[in-house]
Amino acid sequence: MALVNELFLKLPGNYLFSDIAKKINTFKTSHPDAKVISLGIGDVTRPLPQAVREAMHKAVDEMGDASTFRGYGPEQGYPFLIEAIIRNDYASRGISLDTDEVFVSDGAKSDTGNIGDILRRDNRVGLTDPVYPVYVDSNVMGGRAGELLDGKWSNIVYIPCTEANGFVPEAPSERIDVLYLCYPNNPTGASITKAALQKWVDYALAHKALILYDAAYEAYIQDPELPHSIYEIEGAKQTAIEFRSFSKTAGFTGIRCGYTVIPKALHGYTPEGKATAFNPLWNRRQCTKFNGASYITQRGAEAVYSPEGAAQVKETIQYYMGNAEIMRKGLESAGLKVYGGENAPYLWIKTPAGVSSWQFFEQMLHGAYVVGTPGVGFGPSGEGYIRLTAFGTRENSIEAIDRICRWLK
Ligand SMILES: *Cc1c(COP(=O)(O)O)cnc(C)c1O
């Protein structure tokens, strides 16, 4: 008799995006002529940079020639890409990494979701709330979440990100063994300073805790003082794993490539208290369960670091951040309280007093024909907010904000 992993049965359905789709469809049926604009999407819309396309075309041709064909590559990624990553993303910021500390993958969702494979089930997990749902659901699957009570998992420590703490909370008094941090943040659009991140690193060092740092949006940082990597912080190599992705940086959401850094200086503990490095565990995990990102993809990712590629990527990011600025100014002029959008492609908008996330979603859909994502869908502390993304076209971003302004007048 085959037994299922009953932990999966604990997961409630992820109704957020299907509920949104249903509400939009109902609206469209009753308003067939309304042109609805969605600023709810968490996906990029600008095409792949030319330098990336050219590198990928070349790689396809290499694959079609017996003398340059490549079969299975290294599970950890090709040295050409790992070396480009270290040189451009780390050495340039004064961080030294060895090539065997970087693991190329098919994206940060896989890595943030799979990292639990190397963590014991009885670790106490802490996460900032609201949060990227992958961190929560993968810990439910891993048996670390407990029971769902009033929208919260009983064994997870929720650390509220609020207006009062500027969406960058301090460490709670409860014990945490494994902590997820994501800055610049999805969904709040908040960023973290070096000083605030230093406090988290110091906390983790003091408690022998592990920080799982998701830096998927680092390329959106505009303020030169903000850290792009947690390893810019003193002591972080002893306490943090960093996840990065080419998805939002270079339009790779459909191509699939990211990477994870696990310094060899980073240790966890056996139940007997023996320090044990995480790096070889993740290497073993990847070698057993993953066969590497495709050669063509990795050549495309390498091209992100060429002078042409870097310029093209920068241009696309400035396009999205231009949207964010137009949106933020427009919404503020309409009297809304707007957070984020300065170092991240997300705007986190406070709903007017007494209006819930879902109520505001409905009102905005009916009043302005614009779709956002109800903040409460990202966790209990998201109630009273709605998320808009800057990933749309310039035209749609302007049109949507004009409509919201006219509606609110
Ligand atoms: C989009 C996103 C990622 C990137 O995921 P990929 O699997 O690399 O596409 C990672 N973390 C957060 C918080 C995100 O929003």
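Use the structure listed above.
To keep things clear, this report deals only with the structure shown in the data block. What you are looking at is a predicted structure, and each value in this text was computed from that prediction instead of being measured.

1. Focus on the sheet that holds strand E14 (residues 346-350)
Point 1. Pairing within the open sheet is antiparallel, and its four strands lie in the order E13-E14-E17-E16. Each edge of the sheet is formed by a strand with only one pairing partner; in this case those strands are strand E13 (337-340) and strand E16 (373-374).
Point 2. The pairing of E13 with E14 spans four bridges and is classified as antiparallel. If you follow Gly340 over to E14, its bridge partner there is Leu347.
Point 3. Across the sheet, helix H12 (residues 357-368) is in contact with E16 and strand E17 (385-389); its angle to E17 comes to roughly 50°.

2. A look at the pairing of strand E10 (residues 258-261)
Regular strands have side chains that alternate between both faces of the sheet.
Point 1. Alternating residues of E10 divide into Gly258 and Thr260 and Tyr259 and Val261, and every residue in both groups is buried.
Point 2. One ladder, built from four bridges, connects strand E9 (residues 240-245) with E10; its direction is antiparallel. Counterpart to Ser245 in the pairing with E10 is Gly258.

3. Here's the deal with the side chain of His228
Point 1. Along the chain, His228 turns up in the loop between strand E8 (210-214) and E9.
Point 2. A residue is classified by how much of its surface remains accessible, and His228, at 11% relative accessible area, is buried.
Point 3. A distance of 3.3 Å separates a polar atom in the side chain of His228 from a polar atom in the side chain of Arg93.
Point 4. The contact partners of His228, leaving out residues within four places of it in the chain, are Arg93, Ala215, Glu218, Ile221 and Arg244.

4. Quick word on the packing of aromatic side chains
Point 1. This model, assessed by the stated rule, comprises 24 aromatic pairs.
Point 2. Seen from their ring centres, Phe246 and Tyr259 are 6.1 Å apart, and the 55° between their planes marks the pair as tilted. Taken together, the residues span a long stretch of sequence, with Phe246 in the loop between E9 and helix H8 (247-250) and Tyr259 in strand E10 at a distance of 13 residues.
Point 3. Looking at Phe246, the relative accessible area reads 3%, which means it is buried.

5. Brief notes about helix H7 (residues 194-207)
Point 1. The first and last C-alpha atoms of H7 sit 20 Å apart over 14 residues, in line with the 20 Å expected at 1.5 Å per residue.
Point 2. Turning to H7, its buried residues are Leu197, Trp200, Val201, Tyr203 and Ala204. Summarising the axial view, the buried residues of H7 lie within an arc of 155°, below the 170-degree limit, and thus occupy one face. Counted as exposed and oriented over 90 degrees from the buried face of H7: Ala195, Lys199 and Ala206.
Point 3. Taken together, the buried residues of H7 touch strand E6 (156-160), strand E7 (178-182) and E8.
Point 4. Positioned one or two residues after H7, Lys208 has a phi angle of 50°, which is positive.

Rules behind the numbers
Residues numbered from 1 in each chain as written. Predicted model: local features only at pLDDT ≥ 70, side-chain atom pairs only at ≥ 80, totals over all residues. Heavy atoms only, no water. Pairing = 2+ DSSP bridges. Helix = DSSP H or I, 4+ residues; strand = E, 2+ residues; numbered from the N terminus. Contact = heavy atoms within 4.5 Å. Axes fitted to C-alpha atoms, helices over the stretch in contact; angles between N-to-C directions. Buried < 20%, exposed > 50% of the residue type's maximum accessible area, 1.4 Å probe, protein only. Polar contact = N/O pair within 3.5 Å; in protein donor to acceptor, adjacent residues only side chain to side chain. Phe/Tyr/Trp six-rings, centres within 6.5 Å; stacked < 30°, edge-to-face > 60°. Expected span 1.5 Å × (residues − 1). Arc of directions from axis to C-beta.

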